[in-house]
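Chain and residue survey
These are the residues of each chain, in order.
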Amino acid sequence: MPFDNSRLLLKGAFILTIAATITKILSAVYRVPFQNIVGDIGFYIYQQVYPIYGLAIALTTYGFPVIISKLVAEAEATKEMDSRQIVYISFLLLGIFGLFTFLFVFFGSDFIAGWMGDKQLTSLIKIVSFSFLLVPFISTIRGYFQGKGNMMPTAISQVQEQFIRVIFILLLASILVKNGSSLYKVGSGTVFSSIIGSLAALMTLFIFYFRHKGSNVKFRTSGFTFVAKRLLIQGLAICISGALLILFQFVDSLNIYSLLVKSGMEIDQAKGLKGIYDRGQPLIQLGTVVATSFSLTLVPALTSSRTSIGEADFFDKIGLAIKISVIVGLGATVGIICIMEPTNIMLFSTNDGTKVLQVFSISILFSSMILTMSGILQGIGLIKDSAIYVLIGVAVKYLGNYLFIPKYGTIGASLSTVIALIVILVLCIYKLKKMGIQLLAYSFYAKVIVSALFMAFILRFWTAVFIYFNLTSRLWSTINALGGVMVGGIVYIFMVKILKLLNEKELESIPFGKHFIHTK
């Protein structure tokens, strides 16, 4: 029976990982055509408000459903509470939370916009506040089905939400720009599109829920305090850990533009620079998704594996997850830095802000490692620790912006992001070591650095050819960037294989890894 539960857990985790990967890729990719439609200032307007919506999504994806699913699963196993009773209590609690958050954001929109330094954002913030009213519905239904072992409603609704949202954003942006609407009106339309995506996901979840057969349960207050503590404390802690990059974006929304203006910069120039800085968001998101999608598939098994497979295999799984995050994270970081200029031109038509984006790209490595280690900490029950480290990092990021942006502009914002991530990473490493978990050997880091440096050398030669012949148009930059991805990827994988950074057992444990095993 434990074996079946373990297999069910891994299958469910794999389904959710695939859905999360698809949604994150969609979330990153659509920003490129959107920026091409609205320009840097239009992109700035959207990115100022997006983190608020992103926090609502984090609550309905990483936070509350996870805790509700655990409560439901425990109820199913112990029979001490009915799972429907847990759903009703959770819905009531989240209904109060969602209503309070909606009221706070809606009526505080003028204050938030003022904090950001742009009062014209008030109407956009009011629109995005409605997303919090959907949190109790989406979270409880997803959590209920996940607790029952059925991950399909969550997976389908996540992908559907993102897909519909992206289509409406691009369509509305195109129509409004062609009609000569102001960029702030375009921004309002795109924010409204996000609400449409969430409503579509909710409709799908309602269909799943009402088609699901189950006995009716009368609402009782028994267990209310127990559920409240688990849901609100642990749910918010998981959300904070999972929303690392969103929280950093929110900090940037609060003070990059306002600090640039206070330093004496013209309003439109400051908006444009913030929009250029935000070009890095899809690049960071894609790099992080690639790095964590493989490693995080191993993390859900940690909860049960320590007792079912023994200490040795348990620590092996942790080591492998961290290994993959380092290998892929460093490769993605070094690769994108080397081809940033042609990539910038390919995606956004100009090379504006290339140096800023190169510094910002260092975040890929550190955020990949942090998200993996946070998953490990959660897997062994240290949910609060992970959240505290992220909050410390957010405070460092906020302070760093104030210290560096007046002196260095948006490159200062990139620096503060990197420094804050390093602080979080050091705290995570310290905690894991304190728990007796041995991390990777120095020889591993030496080999992976050699692999990345060799790839960098080849890529510098590759891009130098295009520069020498002055092949810098958008078409040639596209060939340069995409060719660089292929060349860099092949070289890096070759080095990883030659230096044997992963052994055969480790390769067999990751998706598609067996194809890289050398057969005689």
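In what follows, the accompanying structure is described. For every chain, the first residue of the written sequence is number 1, and numbering continues from 1 onward in sequence order. Two thresholds apply to this predicted model, a pLDDT of at least 70 for residue-level local features and 80 or more for giving and counting side-chain atom pairs, whereas whole-chain, interface and lining totals are computed over all residues. Side-chain numbers come from the whole structure's heavy atoms, not from hydrogens or water.

1. Comments concerning the overall build of the protein
Looking only at helices and strands, the protein has 22 helices and zero strands in total. The buried share of the protein, reckoned over its 520 residues, is 53%. Contacts are assigned to residue pairs that have any heavy atoms within 4.5 Å of one another. When contacts within the protein are restricted to residue pairs at least 6 apart in sequence, those whose partners lie at least 24 apart make up 83%. A total of about 23100 Å² of accessible surface is found on the protein, and carbon and sulfur atoms cover 70% of it. Helix numbers and strand numbers start at the N terminus; a helix is a DSSP run of H or I with at least 4 residues, a strand a run of E with at least 2. Burial status follows relative accessibility: with a 1.4 Å probe on protein chains alone, a residue under 20% of its type maximum counts as buried, one over 50% as exposed, and anything between as partly exposed. Where accessible areas are quoted, they stem from the Shrake-Rupley method and a 1.4 Å probe; at the residue level, only the protein chains shown are allowed to cover.

2. Some details on a nonpolar patch on the surface
Only residues above 30% relative accessible area that lack a salt bridge enter a patch, with like-charged residues linked at up to 9 Å and the nonpolar side chains Val, Leu, Ile, Met, Phe, Trp and Tyr linked at up to 5 Å. Definition used for salt bridges: Asp or Glu carboxyl oxygen within 4 Å of a side-chain nitrogen of Lys or Arg. Together, Phe163, Ile167, Phe168, Leu171 and Ile175 make up a nonpolar patch on the protein surface, roughly 450 Å² of accessible area in all. Along the chain, the position of Phe163 falls in helix H7 (residues 152-178). For Phe163, a relative accessible area of 47% translates into the label partly exposed.

3. Observations concerning the packing of helix H17 (residues 363-379) against helix H19 (residues 410-434)
Running from N to C, H17 and H19 cross one another at 30°; their axes reach a closest spacing of 9 Å. Handedness of the H17/H19 crossing: left-handed. Contacts between H17 and H19 involve Ser363, Phe366, Ser367, Met369, Ile370, Met373, Ser374, Ile376 and Leu377 from the first element and Thr417, Val418, Leu421, Ile422, Ile424, Leu425, Cys428, Ile429, Lys431 and Leu432 from the second. Amino acid classes used here: Ala, Val, Leu, Ile, Met, Phe, Trp, Tyr, Cys and Pro are nonpolar; Asp, Glu, Lys and Arg are charged; the rest, including Gly, are polar. Of the residues belonging to the contact of H17 with H19, the class tally is 14 nonpolar, four polar and one charged. In this analysis an axis means a line fitted to C-alpha atoms, helices contributing only their contacting stretch, and an angle means the value between N-to-C directions, from 0 to 180 degrees. The hand of a helix crossing depends on one turn: near helix anticlockwise from the far one by less than a right angle means left-handed, and clockwise means right-handed.

4. Remarks on the packing of aromatic side chains
Centre distance within 6.5 Å is the pairing criterion for rings of Phe, Tyr and Trp, where only the six-membered ring of Trp is used; planes under 30 degrees apart are then read as stacked, over 60 as edge-to-face, and the remainder as tilted. The full count for this structure, using the stated rule, is 28 aromatic pairs. One aromatic cluster is present, formed by Phe91, Phe137, Tyr144, Phe145, Phe206, Phe208, Tyr209 and Phe210 through successive ring pairs. Look at NZ for Lys and CZ for Arg. If either is within 6 Å of the ring centre and within 35 degrees of the ring normal, a charge sits over the ring. In this arrangement the basic side chain of Arg31 is found over the ring face of Tyr50, its NZ or CZ atom lying 4.3 Å from the centre. Here Lys126 stacks its cationic end above the ring of Phe106, 5.5 Å away from the centre of that ring.

5. Some thoughts on the packing of helix H6 (residues 135-147) against helix H8 (residues 183-211)
The interhelical angle for the contact between H6 and H8, taken along N-to-C directions, is 40°, at an axis separation of 10 Å. As far as their axial angle goes, H8 and H6 are oblique. Between H6 and H8 the crossing geometry is left-handed. Taking contact as the criterion, the partners of Phe137, Ile138, Ile141, Arg142, Tyr144 and Phe145 in H6 are, on H8, Ser198, Ala201, Leu202, Leu205, Phe206, Phe208 and Tyr209. When describing relative orientation, an angle under 35 degrees is termed roughly parallel and one over 145 degrees roughly antiparallel, while 65 to 115 degrees is termed roughly perpendicular and anything else oblique.

6. Observations concerning the side chain of Thr417
Within the secondary structure layout, Thr417 lies in helix H19. Accessibility expressed as a relative area gives 4% for Thr417, which makes it buried. Residues adjacent in sequence count toward polar contacts only when both atoms are side-chain atoms; beyond that, a polar contact is any pair of N or O atoms within 3.5 Å, and within protein one must be able to donate a hydrogen and the other to accept it. A distance of 3.0 Å separates a polar atom in the side chain of Thr417 from the backbone oxygen of Ala413. In contact with Thr417, not counting residues within four places along its chain, are Phe248, Asp252, Tyr277, Phe360, Ser363 and Lys397.

7. Here's the deal with the pattern of salt bridges
One pass over the full model with this rule turns up seven salt bridges. In this structure, Glu161 and Arg142 form a salt bridge, with 3.5 Å as the shortest nitrogen-oxygen distance. On the criterion of sequence distance, the pair formed by Glu161 in helix H7 and Arg142 in helix H6 is long-range, its members being 19 residues apart. Taken as a pair, Glu161 and Arg142 share a single burial class, namely buried.

8. Comments concerning the nonpolar core
In these notes, a set of buried Ala, Val, Leu, Ile, Met, Phe, Trp, Tyr and Cys residues joined through side-chain atoms within 4.5 Å is what counts as a nonpolar core. Of all hydrophobic cores here, the largest spans 133 residues; its most connected members are Leu121 and Ile125. With 21 residues, helix H2 (residues 31-78) is the largest single contributor of residues to this core. Those residues in contact with Ile125 that sit more than four places away from it in its chain are Val49, Ile52, Val105, Ser109, Ile112, Ala113 and Met116.

9. What about helix H15 (residues 340-348)?
Of all nine residues in H15, eight are buried; the element is thus mostly enclosed. What H15 keeps buried is the set Met340, Pro342, Thr343, Asn344, Ile345, Met346, Leu347 and Phe348. Phi turns positive one or two residues past the end of H15, at Ser349, with a value near 75°.

10. Section: unusual backbone geometry
Backbone geometry at Ser349 places phi at a positive 75°, although glycine is not the residue there. Topologically, Ser349 is positioned in the loop between H15 and helix H16 (354-360).

11. Remarks on helix H18 (residues 383-408)
What a helix should span is 1.5 Å times the count of its residues minus one. The end-to-end C-alpha distance of H18, which contains 26 residues, comes to 36 Å, matching closely the 38 Å that a straight helix rising 1.5 Å per residue would cover. A maximum bend of about 30° is found in H18 at Asn401. Buried residues along H18 sit against H2, helix H9 (224-242), helix H10 (244-262), helix H11 (267-277), H17 and H19. Positive backbone phi, approximately 70°, marks Gly409, located one or two places after H18. Bend at a residue means the angle formed by two fitted axes: the first through the 7 residues ending at that position, the second through the 7 residues beginning there.

12. As for the side chain of Gln146
Tracing the sequence through the fold places Gln146 in helix H6. Taking the relative accessible area as the measure of exposure, Gln146 reaches 11% and is therefore buried. Setting aside anything within four residues of it in sequence, one finds Gln146 in contact with Leu16, Pro65, Ser69, Met151 and Thr154.

13. Concerning the environment of Phe348
Looking at the secondary structure, you find Phe348 in helix H15. With residues near it in sequence (within four places) discarded, Phe348 still touches Val32, Gln35, Asn36, Arg279, Pro282 and Arg474.

14. Examining the environment of Thr60
You can see Thr60 is positioned in helix H2. The exposure class assigned to Thr60 is buried, which follows from its relative accessible area of 3%. Expressed as a C-alpha distance, the spacing of Thr60 and Ser139, which sit 79 residues apart in the sequence, is 4.8 Å. Setting aside residues up to four positions removed in sequence, Thr60 forms contacts with Pro65, Val135, Ile138, Ser139 and Arg142.

Geometric descriptors of this kind do not, in isolation, establish any biological role.
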